[in-house]
Amino acid sequence: MAAEEPNLVTEDTKPRASVRKRANEIKPFRCKNLIAVLENPTDMINIGTVIRNVNALGVEKVYVVDTRRSLPDDWQDLRERRTASKTSVSAVKWTFVRRFDSTEECFAHLERKGFTSIVTSPHVKGKASIFLHEGDYTAYTKLAVWFGSEATGISDLAVERSEMCISVPMFGMIESLNLGTSSGIVLYEVAKQRREYQSKYRKRNQRGQRANPLPTTIGPKV
Ligand SMILES: C[S@@+](CC[C@H](N)C(=O)[O-])C[C@H]1O[C@@H](n2cnc3c(N)ncnc32)[C@H](O)[C@@H]1O
């Protein structure tokens, strides 16, 4: 199993002062208790893209259900794989990623930790199906957003164990968006809402209102 938190210092790389400074600056903007889950992704480029999106949008972690056992157990090994490191533009070094052997194992872990799951699909599925812009993603303190595999989409088991299914509205002739692309669109909206909430309240149910809201944006990296 991978280490519990991403490490800024690896054996061979000591963080430079500028890296440490940036890491401190972005800390308050990261969305606590927000996890992106990839269910059986097959394409390393897509995995790298999702990791890049997760890192850039301030999502806390990535979980990968890898039933075929195609990814290394030790995340450090993946960090050293050229494709993952290249497509994620090194975000894999700064992002916590954990793999699970099955969808069931991942749900057991998330539910034990008190996470609510929602799935994403271009199709209407599950107990409730909504368009992305219709959702309130601050209603759950701990939230896991699931993305399905490139060929088969999200599994029936993931749909059954989730509160709802969200779709990005599409207006073209094709059936679906690419996995990496959809993760960027969905996580942007979810993280934006949760960052706004975190800026106003310290606790759930709109308790612990801050006297002065924290900023929700940060200047571009210089
Ligand atoms: C290439 S799509 C999978 C297509 C598959 N044939 C299906 O039936 O879902 C890979 C994943 O991207 C996400 N996705 C793609 N298009 C989406 C959309 N319009 N809305 C929400 N999620 C989408 C879903 O998580 C989906 O499982």
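Residues numbered from 1 in each chain as written. Predicted model: local features only at pLDDT ≥ 70, side-chain atom pairs only at ≥ 80, totals over all residues.

K.L.:
Looking at this structure, I do not really get the overall build of the protein chain. What am I missing?
P.N.:
Scanning the protein chain for helices and strands turns up eight helices and seven strands. Residue burial in the protein chain is summarised as follows: out of 222 residues, 35% are buried. (Helix = DSSP H or I, 4+ residues; strand = E, 2+ residues; numbered from the N terminus. Buried ≥ 20, exposed ≤ 12 C-beta atoms within 10 Å, placed from the backbone.)

K.L.:
Before we go on, may I ask you to explain the environment of Phe115 in this structure?
P.N.:
Within the secondary structure, Phe115 is located in the loop between helix H6 (103–112) and strand S4 (116–120). Note on Phe115: 20 C-beta atoms within 10 Å, which makes it buried. Once the C-alpha coordinates of Phe115 and Tyr140 are considered, the two residues, 25 residues apart in sequence, prove to be 8.0 Å apart. Once residues within four sequence positions are removed from consideration, Phe115 is found in contact with Ile35, Leu110, Lys142, Leu143 and Ala144. (Contact = placed C-beta atoms within 7 Å.)

K.L.:
Even after reading the chapter, I still don't get the site of the ligand, so can you show me in this structure?
P.N.:
In the neighbourhood of the ligand, 18 residues make up the surrounding shell, with Pro122, Gly148, Gly153, Leu177 and Ser182 lying closest. Residues of the shell around the ligand, tallied by class, amount to seven nonpolar, nine polar and two charged. (Near = placed C-beta within 6 Å. Nonpolar A, V, L, I, M, F, W, Y, C, P; charged D, E, K, R; others polar.)

K.L.:
How should helix H8 (residues 179–200) be read in this particular structure?
P.N.:
Note: α-helices contain 3.6 residues per turn, so residues at a spacing of three or four share the same orientation. Here H8 spans 32 Å end to end across 22 residues, near enough to the 32 Å set by a 1.5 Å rise per residue. Tucked inside the fold, the buried residues of H8 contact strand S1 (31–39), helix H2 (44–57), strand S2 (59–65), S4, strand S6 (143–147) and strand S7 (165–167). (Expected span 1.5 Å × (residues − 1).)

K.L.:
Help me out: how do you make sense of the sheet that holds S6 in this one?
P.N.:
Here seven strands make up an open sheet; going across it, the order is S3-S2-S1-S6-S4-S7-S5 and the pairing parallel. Looking at the sheet topology across the chains shown, the edges are occupied by strand S3 (96–100) and strand S5 (129–131). Strand-to-strand twist of the sheet, defined as the mean angle between neighbouring strand axes without regard to direction, takes the value 25°. (Pairing = 2+ DSSP bridges. Axes fitted to C-alpha atoms, helices over the stretch in contact; angles between N-to-C directions.)

K.L.:
Whenever I open this one, the environment of Gly184 confuses me. Can you help?
P.N.:
Mapped onto the fold, Gly184 is located in helix H8. Sequence separation between Gly184 and Ile51 is 133 residues; the distance between their C-alpha atoms is 9.9 Å.

K.L.:
Is there a simple way to explain unusual backbone geometry in this structure?
P.N.:
A negative phi angle characterises most non-glycine residues, just as the trans form characterises most peptide bonds. One non-glycine residue with positive phi stands out, namely Asn33, at about 60°. Along the chain, the position of Asn33 falls in strand S1. Classification of Asn33 as partly exposed rests on a count of 16 C-beta atoms within 10 Å. Of note, the phi angle at Asn205 is positive, near 55°, even though the residue is not glycine. In this structure, Asn205 sits in the segment after H8. Exposure remark for Asn205: the 8 C-beta atoms within 10 Å place this residue in the exposed category.

K.L.:
Explanation requested: the pairing of S6 in the structure shown.
P.N.:
Burial within S6 is extensive, with five of its five residues counted as buried. Neither face of S6 is left uncovered, since the one carrying Leu143, Val145 and Phe147 and the one carrying Ala144 and Trp146 both have all their residues buried. The pairing of S1 with S6 spans five bridges and is parallel. Bridge assignment links Leu38 to a residue of S6, and that residue is Phe147. One ladder, built from four bridges, connects S4 with S6; its direction is parallel. Paired with Ile118 across the two strands is Val145, which belongs to S6.

K.L.:
How should I be thinking about the nonpolar core in this particular structure?
P.N.:
Among soluble globular proteins, nonpolar side chains are generally buried collectively. One finds Ala36, Val37, Leu38, Val62, Val145, Trp146 and Leu187 to be the most contacted residues of the largest nonpolar core, which totals 43 residues. When residues in this core are grouped by element, the largest group, six residues, is from S1. Not counting chain neighbours up to four residues away, the residues in contact with Val37 comprise Tyr63, Val65, Cys106, Ala144, Val145, Trp146 and Phe147. (Core = buried A, V, L, I, M, F, W, Y, C linked by C-beta atoms within 7 Å.)

K.L.:
For this particular structure, what's the right way to read the packing of H2 against H8?
P.N.:
Two quantities define a packed helix pair, namely the angle between the helix axes and the distance between the axes. Taken N-terminus to C-terminus, the directions of H2 and H8 make an angle of 15°; their axes are 9 Å apart at the nearest point. For the element pair H2 / H8, the angle class is roughly parallel. In the crossing of H2 with H8, the sense of the turn from one axis to the other is right-handed. Two secondary-structure elements touch here, H2 through Asn46, Thr49, Val50, Asn53, Val54 and Leu57 and H8 through Leu179, Gly180, Ser183, Gly184, Leu187, Tyr188 and Ala191. Partitioned by chemical class, the residues of the contact of H2 with H8 number seven nonpolar, six polar and no charged. (Parallel < 35°, antiparallel > 145°, perpendicular 65-115°, else oblique. Left-handed = near helix turned anticlockwise from the far one by under 90°.)

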